[in-house]
Amino acid sequence: MSLSEFDLIKKYFCKEPDKQDSSVVLGIGDDCAIIDVPDGYQLLISTDTLVSGIHFFEDVDPYRLGYKSLAVNLSDLSAMGAEPKWISLALTIPDVNMLWLAQFSQGFFDLAKQYNVTLIGGDTTKGPLSITVSVQGIVPRGSALLRRNAQVGDVVCVSGMLGDGALGLAYQLSNGKLYLANAQAFVDKLELTDPRVKLGLLLRGSAHSCIDISDGLTQDLTHILNASDCSAQIDIDKLPLSDALHREIALGNVDTAQATQYALMGGDDYELLFTLPRGVLKRVQEAIPELKLTVVGSIIAPEAEKIQLRKHQKAYSLNLSGWDHFKTGSY
Ligand SMILES: [Mg+2]
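Residues numbered from 1 in each chain as written. Predicted model: local features only at pLDDT ≥ 70, side-chain atom pairs only at ≥ 80, totals over all residues. Heavy atoms only, no water.

## A closer look at the nonpolar core
In this structure, Leu167, Leu217, Leu221, Ile234, Leu239 and Leu264 are the most contacted members of the largest nonpolar core, which totals 37 residues. Broken down by element, the residue count for this core peaks at five residues, all from helix H9 (residues 256–265). Look past the residues within four positions of leucine 264 in its chain and what remains in contact with it is Gly216, Leu217, Thr218, Ile234, Ile236, Leu239, Leu309 and Leu318. Counting 33 residues, the second largest nonpolar core, distinct from the first, contains Leu65, Ala82, Phe104 and Val135. (Core = buried A, V, L, I, M, F, W, Y, C linked by side-chain atoms within 4.5 Å. Buried < 20%, exposed > 50% of the residue type's maximum accessible area, 1.4 Å probe, protein only. Helix = DSSP H or I, 4+ residues; strand = E, 2+ residues; numbered from the N terminus. Contact = heavy atoms within 4.5 Å.)

## Observations regarding the domain arrangement of the protein chain
Entries for the protein chain in the domain assignment read domain 1 (3–140) and domain 2 (155–315). Computed over C-alpha atoms, the centres of domain 1 and domain 2 are 27 Å apart. Contact residues are listed per partner, giving 22 residues for domain 1 and 23 residues for domain 2. Of all residues in domain 1, Phe57, Arg64 and Lys68 bury the most surface against domain 2, accounting for 31% of the area lost on that side. Run the count over domain 1 and domain 2 and you get three salt bridges. Arginine 64 is the partner of aspartate 188 in a salt bridge, and the nearest nitrogen-oxygen pair spans 2.8 Å. (Domains from an automatic or database assignment. Buried area = accessible area lost by both parts, 1.4 Å probe. Salt bridge = Lys/Arg side-chain N within 4 Å of Asp/Glu carboxyl O.)

## So, the pattern of salt bridges
All chains considered together, the criterion is met by nine salt bridges. In this structure, the salt-bridge partner of arginine 64 is glutamate 191, at a minimum N-O distance of 2.8 Å. Of the two residues, arginine 64 sits in helix H2 (residues 62–79) while glutamate 191 sits in helix H5 (residues 183–191), which places them 127 residues apart along the sequence. On the basis of relative accessible area, arginine 64 is assigned to the buried category, the value being 17%. We note a salt bridge from aspartate 235 to arginine 310, for which the minimum N-O separation is 3.0 Å. Here aspartate 235, found in strand E9 (residues 231–235), pairs with arginine 310, found in strand E12 (residues 307–311); they are 75 residues apart in sequence, far enough to count as distant. Given the relative accessible area of 5%, aspartate 235 is considered buried. Classification of arginine 310 as partly exposed rests on a relative accessible area of 22%. One salt-bridge network, in which partners are shared between bridges, spans Arg64, Asp188 and Glu191.

## A closer look at the confidence of the model for the protein chain
Model confidence for the protein chain is summarised by a mean pLDDT of 90, while 92% of its residues fall at 70 or above. Below a pLDDT of 50 lies the segment residues 321–331, which in the model reaches 27 contacts outside its immediate sequence neighbourhood of four places, other chains included. (pLDDT = per-residue confidence, 0-100.)

Put into structure tokens, the structure is as follows:
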């Protein structure tokens with residue numbers, strides 16, 4: 001790209017933060033950024049790439065794309081109990097579309113501001129649209145939440161509601177074939193998901209294990225179970241479904257079995273899935289009353305079957321026919 005194009009891009013991304021972050025010794029403008037990590041803290045780093053046509057629709061609203069590019073990364077930090085601090089952004093764009101860049105950067109910075117994170121560097125290249133965000137956060141030494149410490153007897157909990165993001169994606173992929181009375185609510189959950197930063201911080205020192213639900217409850221829970229060498233019982237009648245999803249069920253637009261599949265196996269919820277002693281949950285819940293936390297099962301000793309589903313306390317098996325088709329093209 002020509003120098004003037006770089007200057008234009010600079011206009012949208014090299015913003016002075018409202019509040020100077022004193023930990024940033026040197027931000028954008030040199031070959032590297034220099035950061036002071038506070039004494040007694042560890043740095044946590046995560047990177048995610050979103051590619052056009054694979055992770056998002058080519059015509060997705062650029063504001064929402066900018067927002068989500070950062071949100072999915074902040075979600076990973078939350079899953080480990082980290083306080084988000086710094087981000088870098090590598091943006092590959094096919095051409096310089098000023099309106100697109102203005103909206104994309106607005107979505108990105110609106111969320112960055114909300115969580116007080118500072119853009120410290122990045123790169124811009126010409127090519128097929130793709131976005132790589134790297135986030136860095138901090139935790140007091142040794143206090144990060146890991147996948148590997150789930151204990152037999154822990155309850156398995158989730159934040160928020162499950163299945164809405166997956167239903168939003170199913171709606172978009174259906175090209176009008178799926179009718180929903182309130183489709184926008186599900187698309188909003190898919191595209192404007194709120195990373196559970198505050199909950200991640202509260203779970204430090206309380207939860208034994210934690211992960212964010214990006215690929216679906218069963219798949220992400222399996223990561224915890226494998227890392228912790230245990231199994232889990234999940235009560236599907238306890239899965240938290242939103243009022244919007246309950247309404248679609250009542251209207252006959254989504255049947256109960258489908259709703260269960262969205263909640264259990266749909267990705268894109270970006271809620272936290274965590275395990276902890278039952279007695280500790282109340283204290284966490286009281287500290288964050290605005291976010292519903294739900295016990296959906298418990299950790300048990302390792303068995304051949306990693307996840308045992310139950311409905312009304314009886315063994316339950318899910319009919320998964322058709323599910324793989326739905327998963328194709330996951331956002
Ligand atoms: Mg994750």
